[in-house]
Amino acid sequence: MARDLPDTTPKNPRHVAIIMDGNGRWAQERGRPRLFGHHAGARRVREIVSACPDLGVKYLTIFAFSTENWKRTQTEVAGLMKLFRRYITREAQDLFRTGVRVRFIGDRVRLDEKLVRMMDELELLTAGNDTCHLTIALNYGGRDELTRAAKRLAYEIECGRLTHKEVDAETLARFLDTHVLPDPDLVIRTSGEARISNFLLWQSAYSEYEFIDTLWPDFTKDIFAEVVQSYATRDRRFGAVKV
Ligand code: IPE
Ligand code: IPE
Ligand code: MG
C-alpha cells in the first residue's frame, strides 16, 4: 500500500546550516588583516538570507563564532564582537521588514552585556515573523550546548520535576538551544575544510553534508542555489532500507 504512494520526500532542504569558514584566508590572499575578511563575510550573510525563500529554505542556521574562537587574538575577538553589534544595528530593520525571524543559539554568559541586550531586542522585534527563520550561532559549541542541556536536565531531576526513567532522546532535545528548530537537512561548510568543528553535533546526526572549496566571502547566492538544488539528488535513508 505505502509503496503506491507518490514520493513526498521534499526535494529542497527545509533547514540549511552553514559553517561560514575562510574569512581569514580570504583577507590574507589580499594582504589585508583578518578582520577585513570578517567584514566581507558579514556582507555575504544578507545575500544568502535573502535567497532562502525562493529556494524553499525555511530555516537557515549560520555559525558565526564558536566556543573555541576565544583562542584567537584579543584584537580579532574584539573586532568580531564589534562586528556582531554592527551587524545587528545595520540589519535589524531590514530583517524585520522582510519577514525574517532571528534567533541566537550559544552560551550568552560570556558575551558582553550590550551585545546580549541587542540580541534579545532583535529576537523580540522579529518574533512575529515567519517567512524565514534565521538562527545565528554565537559563542556556540555542540559539546557546550549538550553539557548545558545535561546540567539543566540533571537539575530538573534533582528538583523532582522529572525522573531518570523519563529521559529519552526527545526529552534531552528539549533542553538544547535548538529545541524549537527542526534538525538541519543540509550542512554546508565553505573553505575546503572537511570537519564540523563542534557545530550542531546532536542535530546533524542524519544531515547531508556539503564541503565547498569557496571561501565564505566569495560564497554567492548562485553557489548557494547550486548546492541547495543538488540536495534533491540525495537519497536519505535514515538507517532504513528502501523497498
Ligand atoms: C570563519 O572564518 C569565521 C569565524 C570563525 C569567526 P575564519 O576566521 O575561521 O577564516 P580562516 O579559516 O582562518 O580562513
Ligand atoms: C568554525 O570555524 C567556526 C565558525 C565558522 C564560526 P573555525 O575556523 O573556527 O574552525 P577550525 O578551527 O578550522 O576547526
Ligand atoms: Mg576557519
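Use the structure listed above.
The following paragraphs examine the structure supplied in this document. (Residues numbered from 1 in each chain as written. Chains lettered and ligands numbered in written order. Predicted model: local features only at pLDDT ≥ 70, side-chain atom pairs only at ≥ 80, totals over all residues. Heavy atoms only, no water.)

So, on to the site of ligand 1. Near ligand 1 lie 13 residues; those nearest to it are Asp-21, Gly-24, Arg-25, Arg-34 and Arg-72. Contact between ligand 1 and Gly-24: an oxygen atom at 2.9 Å from a main-chain N or O atom of the residue. The side chain of Arg-72 places a nitrogen or oxygen atom 2.7 Å from an oxygen atom of ligand 1. Going through the elements one at a time, helix H1 (23–29), helix H2 (34–55) and helix H3 (74–97) are the ones with two or more residues in the shell around ligand 1. Among the elements that line the shell around ligand 1, the one with the most residues is H1, at three residues. (Near = heavy atom within 4 Å. Polar contact = N/O pair within 3.5 Å; in protein donor to acceptor, adjacent residues only side chain to side chain. Helix = DSSP H or I, 4+ residues; strand = E, 2+ residues; numbered from the N terminus.)

Looking at the element boundaries, Thr-135 is found in strand S4 (residues 132–140). With a relative accessible area of 1%, Thr-135 lands in the buried category. (Buried < 20%, exposed > 50% of the residue type's maximum accessible area, 1.4 Å probe, protein only.)

Moving on: the site of ligand 2. Around ligand 2, the structure places Ile-19, Met-20, Asp-21, Phe-63, Ala-64, Phe-65, Asn-69, Arg-72, Arg-189, Arg-195 and Ser-197. Asp-21 places a side-chain nitrogen or oxygen 3.2 Å from an oxygen atom of ligand 2. Within the side chain of Ser-197, one N or O atom sits 2.6 Å away from an oxygen atom of ligand 2. Protein contact buries 78% of the 390 Å² of open area that ligand 2 shows by itself. It is strand S2 (residues 59–66) that provides the largest number of residues to the shell around ligand 2, a total of three residues. (Areas by Shrake-Rupley, 256 points an atom, 1.4 Å probe, with all protein chains shown as cover.)

For the structure shown, the criterion picks out ten aromatic pairs. Considering the side-chain rings of Trp-216 and Phe-219, the 5.3 Å spacing of their centres and the 25° angle between planes classify their relative orientation as stacked. In this structure Trp-216 comes out as buried when scored by relative accessible area, which is 1%. Each member of the aromatic cluster is reached from another via a ring pair, and the members are Phe-63, Tyr-140 and Phe-199. If you follow Arg-32 out to its NZ or CZ, it ends over the ring of Phe-36, 4.0 Å from the centre. (Phe/Tyr/Trp six-rings, centres within 6.5 Å; stacked < 30°, edge-to-face > 60°. Lys NZ or Arg CZ within 6 Å of the ring centre and 35° of its normal.)

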